[in-house]
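Structure at a glance
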Amino acid sequence: MQAVRERVEVMGIDAGGTMTDTFFVRADGRFVVGKAQSNPGDESLAIFESSQDALGHWGRSVDDVYPELVTCVYSGTAMLNRVVQRRGLEVGLIVNKGFEQVHSMGRAIQSYLGYALEDRIHLNTHRYDEPLVPLSRTRGVTERTDVQGQVVIPLREDDVRQATRELVAAGAKAIAICLLQSHKNSTSEQQARDICRAELAALGADLPVFASVDYYPQRKESHRMNTTILEAYAAEPSRQTLQKVSDRFKKHGAKFDLRVMATHGGTISWKAKELARTIVSGPIGGVIGSKLLGEALGYENIACSDIGGTSFDMALITKGSFAIASDPDMARLVLSLPLVAMDSVGAGAGSFVRLDPYSGSIKLGPDSAGYRVGTCWPDSGLDTVSVTDCHVVLGYLNPENFLGGAIKLDVERARQHIKVQIADPLGLSVEDAAAGVIELLDLQLREYLRANISAKGYNPTDFVCFSYGGAGPVHTYGYTEGLGFKDVVVPAWAAGFSAFGCACADFEYRYDKSVDIALPQSAAEADKTTACATIQEAWSQLAAKVVEEFVINGFKPEDVILRPGYRMQYMGQLNDLEITSPITNASSAEDWDRIVEAFEDTYSRVYASSARSPELGFSVTGAIMRGLVATQKPVLPEDPEAGPTPPPAARIGSRPFYRHKQWIDAVIWKMELLQPGNQVRGPAVIESDATTFVVPDGFETTIDKHRLFHLREVK
C-alpha cells in the first residue's frame, strides 16, 4: 500500500547577491532547504532552480508542489541593488519653492555613511552619491505651512499645474510630492496631489503620483522626502521583478498570492501600496527566525549573526524582543521606515582579498565575487582572489560538492591566484597566506560582534549566539571563539535560515505617523484625556490604511487583527522607544497612565530601572498601527534521541585541512545522517549540499532533537 504524502504548505525565499535559498515546510512541520546560484538577470529562474534542488530531497517536483502551497514569502536585495546602482525610474519631484535643493544637499551624515572610522574623521574623503532625482526634474511651488501645522501661505494651484507640465516634458515617469510640515497638516500636500493627478489626466499622461502624507507622514524632511522618492524610484520598478516571480509560480500551478518580507519584520503583498519598506528583507528574515527559535528553546537574549557571500549582518534580541529603528539609513540615504535594528559590515565569504598598495596589509572587501564565487570557479570570469578561494585551498570546502556538485571548483587555479596576489608579495606560503586571510576575517567579525554587544551595554556571556547564512557554519568557531557566549547554535538549515524566518513571519501591514505630545509627570486629568484623544485619532487614521491594504489582498476587515503602538521618550532625552500598546483604545486619563507604565516597563528592560528619568515628563513622538491575519507557519522538528555516537553511515571519509600552520586530517560527516544526541569532536567537517560546518580541533558539537548544532570549546 502506497504511503500518503504530506502536503507541502509553506515556502520561504531568500534571493541574495550570491545564492538564492528556498525553504519548504510540510503540513507535519518538516522542512527542506534548496540552494542555487543567484541570477540578477532573472530572479524567478534562480528561485525555480533552488526549488528543484530542495524538493529533490523529498522526491517531489515543482509542478507537483507549487499547486499545494498555501503561502510563499519572498526576500531579496533587488530593490536595494537598484538604488545602489542608480537604475531606478525617472522621477519628478515637487517641493516648496526655495527648497528645490534639499534632496540634492541631503543630510551631512549621507556623505560618510558606510565609511570606516578613518574615513569618517577626514572631510576630504566625504562625498555625496548622485541624488535619486536631479535638479533638472525638481520643481518648487508656492506654499508654506509652519511648524505648528498652520497654513500661512496657501498653495498656488497654478504653480502645481505648471510644475506637472514641466516635469512631464522633462521625461518624468512618476511624480513625488513632499511639502514642508505636511506631517503636521496634510491639507496642502493632498491638494497638490489632486491637482497634479488632474493635470496629468488632462495631458493624457499615465504617471503615478506619490504624496509623502499618503505613505510616510513623519517629521524630518530629508528622511520623508528620500523615502517617498524611493517609493517611486525603486519600489515601482521592483514590482516588475516580483510580478515576474509571481508569474513563474502561476505558470507551474501556484494559487497563492506572493508575499514579501518587510523591514519592520512582517510580510506584505507584492501588490502593497507601500513597497519601499521591502528594500532590505533577507537579513530581517534571519532575525524573525531567531526570535521563533528563541521562544521555542527558552532563550531570551540572542545575538543573531548572518554570514553570506557579501556581508555580515548582526542583530540583538533582548528579553525576547528586537528593536525597531524609526529613521534608519540604507544605501547611504536617511529614511523614514520602521526597520529591525541591525548592523552590517561588507565582509563575507565572497569578499575580494587585496593587498593595500601603501601598507602592504591584507584588505577584505567591501566588494565581493557575489554569485561568481571566486577564481576557484573556472567559469567565474574573475581574476581577483576571494575568501572562498582561501576556504578551498585550506581544505574547508569540498571542491566536488559545492552546491551539491552543481559547480566544480578548481583548487589549483585558486592556489595560483593566491600565490601571485597574496602569498608571494608577503613572503608566505600559499597555505599561510590563505589561513591568514581567514584568521583576519574571523578576527574582524569577532571584534565587530563583541563591540556591537558591548556598545549597547551588554556582555556576550549574557547571550546565546545563533550562527547562520550560507557561510556562517564555516566561520562560526572563528568569530565566537573566546567571547564566552552561553551557547553557540548552528541550525542544520543555516543556509536557508533567512528563508525559514520569512516563512515564520506574520502577514502584517504597518503604518506610522508622527505626533507631538508632551506632558509633565504631574499632568492634569484633562490634559491626559486630550493626549489620549490625539493618539486615538492617529490610530484611527492608520487603522483605515492598514485595513485598506488587506482588503486589496482579498481579506475582509473583520479578518484583520489590529495592534496599536506608539513611540515614546522621557522629556529631555534624544532617543525614543517603540512600545506595543497595552490598550486598543485611548480615551481617558487612566489610559494615559497605562501608556506611560508600559513605556517605563520597556525602558527598564532595554536599559535599567535605575536609568528611568520621569522628572521632566513624557513625550509621545509617533503613533503606530499594525494589522495581521493568521497564516501557516513552520513547526520545529522533534526527532528521538539516538545517543552520542553517530551512526557509521554518517561518516563519509576524511580530508586534510590546514590550521595553525599544519595540515590535520579531519573526519567528514554527512549532516543529514547525523541524529539527535550525536556528538562530533574536531577536527571534523560536517557537510551538506547547502553549507559546510567546520569543527576544528579544540571544539565539539552536539545535535539536538530540533536539528540544531550546539558548538562549544573543549580543553
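Just so you know, these numbers come straight off a predicted model, no measurement behind them.

Tallying secondary structure elements over the protein chain gives 17 helices and 35 strands in all. Across the 715 residues in the protein chain, those meeting the buried criterion constitute 58%. Long-range pairs, those at least 24 residues apart, make up 68% of the contacts in the protein chain with a sequence separation of at least 6. A total of about 28300 Å² of accessible surface is found on the protein chain, and carbon and sulfur atoms cover 50% of it. Taken as two groups, the 72 positive and 90 negative side-chain charges of the protein chain have centres that lie 2 Å from each other.

In spatial order, the strands read β6-β5-β9-β10; together these four strands make up an open sheet with parallel pairing. Edge positions in the sheet fall to β6 (138-141) and β10 (209-211), since each has one partner strand and no second. Taken pair by pair, the neighbouring strands of this sheet meet at an average axis angle of 20°, ignoring direction. Strand direction decides the pairing type here: strand β5 (residues 91-96) and strand β9 (residues 174-177), joined by four bridges, are parallel. Residue pairing in the sheet places I94 in a bridge with I177 of β9.

Right, let's talk about the pattern of salt bridges for a bit. The final tally for this structure, using the stated rule, is 38 salt bridges. Put simply, R165 and E199 hold a salt bridge, and the shortest N to O gap is 3.2 Å. Of this pair, R165 sits in helix α6 (residues 157-169) while E199 sits in helix α7 (residues 187-203), and the two are 34 residues apart along the sequence. In this structure R165 comes out as partly exposed when scored by relative accessible area, which is 39%. Notably, a salt bridge pairs D512 with R510, separated by 2.8 Å at the nearest N-O pair. Taking relative accessible area as the criterion, R510 reaches 3% and is therefore assigned buried. What you see here is one network of salt bridges that share partners, running through R510, D512, R567, D576 and E578.

Relative to each other, helix α11 (residues 387-394) and helix α13 (residues 430-455) sit at 125°, their axes nearing to 9 Å. In terms of orientation, α11 and α13 fall into the oblique class. Relative to α13, α11 is oriented so that their crossing is left-handed. For the pair α11 and α13, the contacting residues are V387, C390, H391, V393 and L394 in the first and V430, E431, A434, A435, V437, I438 and L441 in the second. The class makeup of the residues in the contact of α11 with α13 is 10 nonpolar, one polar and one charged.

Moving on, we come to the sheet that holds strand β30 (residues 662-670). Ordered in space as β29-β30-β32-β33, the four strands form an open sheet in which the pairing is mixed. Both edges of this open sheet fall to β29 (651-659) and β33 (692-695), since each of them pairs with a single strand only. Shown here is a sheet whose adjacent strand axes are inclined to one another by a mean of 25°, direction ignored. Bridge analysis of strand β32 (residues 684-687) against β33 gives four bridges, and the strand direction is antiparallel. Within β33, the residue paired with E687 across the bridge is T692.

What follows deals with the pairing of β29. Here β29 runs beside β30; their pairing, made up of eight bridges, is antiparallel. Its bridge partner being in β30, S654 is matched across the sheet by V667. The hairpin turn running from β29 into β30, its antiparallel successor, is two residues long, and H660 in that turn takes a positive phi close to 55°.

One can describe the packing of α6 onto α7 by two numbers: an axis separation of 9 Å at closest approach and a directional angle of 50°. As the angle between them shows, α6 and α7 are arranged oblique. The crossing of α6 and α7 is right-handed. Here E157, V160, R161, T164, R165 and V168 of α6 lie close against α7, whose contacting residues are Q191, A192, I195, C196, E199, L200 and L203.

Taken as a whole, the protein chain is organised into domain 1 (8-82 + 238-278), domain 2 (86-234), domain 3 (507-629) and domain 4 (648-713). Distance between the C-alpha centres of domain 2 and domain 4: 54 Å.

Here we come to α7. Taking 1.5 Å of rise per residue, the 17 residues of α7 would be expected to cover 24 Å, and the 24 Å separating its terminal C-alpha atoms lies within 8% of that figure. Taken residue by residue, α7 has S188, E189, A192, R193, I195, C196, E199 and L200 as its buried positions. Just downstream of α7, G204 is the residue with a positive phi angle, here 70°.

Reading guide: rules and limits
- Residues numbered from 1 in each chain as written.
- Predicted model: local features only at pLDDT ≥ 70, side-chain atom pairs only at ≥ 80, totals over all residues.
- Heavy atoms only, no water.
- Helix = DSSP H or I, 4+ residues; strand = E, 2+ residues; numbered from the N terminus.
- Buried < 20%, exposed > 50% of the residue type's maximum accessible area, 1.4 Å probe, protein only.
- Contact = heavy atoms within 4.5 Å.
- Areas by Shrake-Rupley, 256 points an atom, 1.4 Å probe, with all protein chains shown as cover.
- Lys, Arg positive; Asp, Glu negative; His and termini not counted.
- Charge placed at Lys NZ, Arg CZ, Asp CG, Glu CD.
- Pairing = 2+ DSSP bridges.
- Axes fitted to C-alpha atoms, helices over the stretch in contact; angles between N-to-C directions.
- Salt bridge = Lys/Arg side-chain N within 4 Å of Asp/Glu carboxyl O.
- Parallel < 35°, antiparallel > 145°, perpendicular 65-115°, else oblique.
- Left-handed = near helix turned anticlockwise from the far one by under 90°.
- Nonpolar A, V, L, I, M, F, W, Y, C, P; charged D, E, K, R; others polar.
- Domains from an automatic or database assignment.
- Expected span 1.5 Å × (residues − 1).

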